[in-house]
Amino acid sequence: MEHEDAVREMAVEQYLLGELSGADRSRFEDHLFACTLCSDDLRAGRLFAVVVKDELTQARAVASIAPPRRRAWSAALLRPALLVPSLAASLLLLIGQTFVAIPRLQHRLASAETPAFVEDLAFASGTARGDVADLHRVITPPHGSFLLSVDIPAKPRFTGYRCSLLAPSGAVVWHGELSPAQVRDPIHIRIPASITTSGTNILLIEGQSAPEAPVTEIARHPFDLAIEGAPIR
Amino acid sequence: MKFVAFDAAYVTALCSGDQATEQHFQVYFSELIRLKLRSRFINWSEIEDIEQETFLRALKLVCREGALRQAERLGALVNSICNHVLSEHYRARGREEELEEEKAVVLADARPGALDHLLTAETKNLVRDILDDLSDRNRKILSAIFLEDLDKDAICAQMKVDRAYLRVLLHRAKRTFRQKYDRQLSAEPARTELTHGSRGRS
């Protein structure tokens, strides 16, 4: 293994994650003991992993502290004289919410004006072509939205990047432009389900070396979108 | 600890008993040997035995006249000797596994006390800042990998990412850590350096 191979294959990361075994691990170790760059990187990675584990352990210990005990004044609310009218009022409120407020609220959520939980699908830069046989699935309600997160491998020759969403028909239903600075971190795209259809959609990543130059495909990430209640086309 | 290169001068100094070179040799390869052995589920007491035997044989072989024709192959020689010692260890314990068949583990545990000198408050703060800058999802992924030690395929299925995502996440976090850690180190007082000029007979 040459150093360039180790970098391209992210061998140090694979080793830290315990993903290398057998002949691949032996091959990397033969290189590791002879390459100061990889051995320095591995040492740093291991120190990082150890400290991360330590920090997360402490954070978990802090979070597991028992919640504060119920205060004395709250016990008074449980007396029957107060409890029955409270329950009746709660029931009226529940009926109102179920048949009036909630449908309206759902419509507001659909128009994305309020925070909501959304399905999140992440792609890494390594999956340049994506294996169609191994599609991730995203399920969303008809007026909902979902999140696509992607790491775009930055190349010095590109002055700009473009992300496009291709519907199952192949039509480009959305695209957005990104600068080199923006792709240094993972990109998150919120997609309203209403702009596309159920089926195999594709997030296409392209690079451009100059404003008027043709774009070059960098990666193509297919995923299976299921919009509840909608037929797959 | 920095050094120039594993060259003929280094090997000569090592074999002549130069303490600084010997110390560097042990410190440099000790961690690599331990990581190699720890990735194979070997417990710490056995790791120490294998490591000591590896160093004994490596020094004996390296310093035998004509044994090491190319000084830059020193690292590969140490690895090769470690492989032999490890094979003997397996045979002595009646284990059937070949070197290549052993499953690998995530390298996130440290022998108690081994990294104490590196786990300074500054380093912990640095890592805490890096964790704080991550998204919730990425923090959960790192927790699943390094704290909970979950199966990677299970993590990918649950978090809807692929294996490459895990590697890229670790790569970026490690890169940020190295940049900040190196800046932190360069701000500290200079440490002892092993260079050609500082070698000499003890």
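Residues numbered from 1 in each chain as written. Chains lettered and ligands numbered in written order. Predicted model: local features only at pLDDT ≥ 70, side-chain atom pairs only at ≥ 80, totals over all residues. Heavy atoms only, no water.

Regarding the overall build of chain A
- When its secondary structure is counted, chain A shows six helices and eight strands.
- The order of helices and strands in chain A, counted from the N terminus, is α-α-α-α-α-α-β-β-β-β-β-β-β-β.
- Residue burial in chain A is summarised as follows: out of 233 residues, 38% are buried.
- Sequence separation of 24 or more characterises 66% of the internal contacts of chain A that already satisfy a separation of 6 or more.
- Surface exposure of chain A reaches about 13,300 Å², of which carbon and sulfur atoms provide 60%. (Helix = DSSP H or I, 4+ residues; strand = E, 2+ residues; numbered from the N terminus. Buried < 20%, exposed > 50% of the residue type's maximum accessible area, 1.4 Å probe, protein only. Contact = heavy atoms within 4.5 Å. Areas by Shrake-Rupley, 256 points an atom, 1.4 Å probe, with all protein chains shown as cover.)

Focus on the overall build of chain B
- For chain B, the count of helices and strands is eight helices and zero strands.
- Reading chain B from its N terminus to its C terminus gives the helix and strand order α-α-α-α-α-α-α-α.
- Residues counted as buried form 45% of the 202 residues belonging to chain B.
- When contacts within chain B are restricted to residue pairs at least 6 apart in sequence, those whose partners lie at least 24 apart make up 66%.
- Carbon and sulfur atoms form 47% of the exposed surface of chain B, whose accessible area is close to 10,900 Å².

Overview of the confidence of the model for chain A
All names here are of chain A.
- A residue-level look at chain A finds 68% of positions with pLDDT of 70 or above and a mean pLDDT of 77.
- Mean pLDDT across the secondary structure elements of chain A bottoms out at helix α5 (residues 72–76), with 55, and peaks at helix α2 (residues 11–16), with 95.
- The model gives residues 108–112 a pLDDT under 50, and that stretch makes eight contacts with residues more than four places away or in other chains.
- Note on residues 126–133: pLDDT under 50 across the span, and 16 contacts to partners over four residues away in sequence or across chains. (pLDDT = per-residue confidence, 0-100.)

Points about the interface of chain B and chain A
- Residue-level contacts link 62 residues of chain B with 59 residues of chain A.
- For the chain B and chain A pair, buried surface summed over both sides reaches about 5,600 Å², with 61% attributable to carbon and sulfur atoms.
- On inspection of chain B and its partner chain A, the count reaches twelve salt bridges.
- Put simply, B:Arg167 and A:Glu19 hold a salt bridge, and the shortest N to O gap is 2.7 Å.
- If you look at where chain B meets chain A, you find 16 residue pairs in polar contact (both at pLDDT 80 or more).
- Every element with two or more residues in the side of chain B that touches chain A is listed here: α2 (19–38), α4 (74–92), α5 (121–133), α6 (136–147) and α8 (163–186) of chain B.
- Examining the composition of the side of chain B that touches chain A, we find that 14 residues originate from one element, α8(B), more than from any other. (Buried area = accessible area lost by both parts, 1.4 Å probe. Salt bridge = Lys/Arg side-chain N within 4 Å of Asp/Glu carboxyl O. Polar contact = N/O pair within 3.5 Å; in protein donor to acceptor, adjacent residues only side chain to side chain.)

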